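# Descriptive structure summary
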Amino acid sequence: MAITPDFARDLRPGEETAVDALLRGSFPAAEEAKLVTKLRKSRAIAGETVLPMDGQIIGYYALSYMVRPKGWLCLAPVAIHPDLQRCGYGKRMMGMLTEWARLTKAPVVVLGTPDFYERAGFSRAKAAQLQSPYPIENTMLAGLDAPAKPQKLVYPSAFEGV
């Protein structure tokens, strides 16, 4: 019998250690785990979603409140257990997130690999007029029907130095 992931759900109290281990195992440095700790301490996190499978956390993403534009969210980090990457779990999680953003009209900004995020529903074209402290060619947006008007993105202070 094949084991498949459960449904993605909100992080539950007590699962922070498992998320920290996932982040540390999914990236070459501990920066993403440190970012989540800083975001939690500063109360900038709007929500944390996990993907459980067989009693383990195999997927994760955090949404945080942007400083500007007000009402916008930023996505970071996103992780899938290294042994399960390229199995479609991350794309499925991101697809559900971009559909939620589209239905609720909640703008969600992500900085990342365009090939992956655009296949999941994010758009570089919708973010092209934004001003960002990060490379605009790797900045994508979900949740808006049309390209965003020119404006400056201001991330939570936890992102400084990342």
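Just above sits the structure.
Figured I'd write up the structure that's included with this text. All values derive from a computational prediction rather than experimental measurement.

### Notes on the environment of glycine 47
Tracing the backbone shows glycine 47 in strand S2 (residues 45-53). The sequence separation of glycine 47 and alanine 127 amounts to 80 residues, and the corresponding C-alpha distance is 22 Å.

### Brief notes about unusual backbone geometry
Cis peptide bonds are those with omega within 30 degrees of zero, and the linkage from arginine 68 to proline 69 qualifies with -10 degrees. Relative to the assigned elements, proline 69 resides in the loop between strand S3 (56-65) and strand S4 (73-80). The phi torsion at arginine 43 lies on the positive side, around 60 degrees, for a residue other than glycine. Its relative accessible area of 74% is what places arginine 43 among the exposed residues. Positive phi values are uncommon outside glycine, yet aspartate 54 reaches one of about 50 degrees.

### Quick look at the pairing of S3
By the criterion of burial, S3 is predominantly enclosed, with eight of the 10 residues buried. Pairing geometry for S2 and S3, over eight bridges, is antiparallel. Across the sheet, residue leucine 51 finds its bridge partner in S3, namely glycine 59. Counted along the chain from S2 to the antiparallel partner S3, the turn is two residues long, and its residue aspartate 54 has a positive phi close to 50 degrees. Of the pairings in the sheet, the one linking S3 to S4 comprises six bridges and is antiparallel in character.

Here is what the cut-offs are and how they apply
Residues numbered from 1 in each chain as written. Predicted model: local features only at pLDDT ≥ 70, side-chain atom pairs only at ≥ 80, totals over all residues. Heavy atoms only, no water. Helix = DSSP H or I, 4+ residues; strand = E, 2+ residues; numbered from the N terminus. Buried < 20%, exposed > 50% of the residue type's maximum accessible area, 1.4 Å probe, protein only. Pairing = 2+ DSSP bridges.

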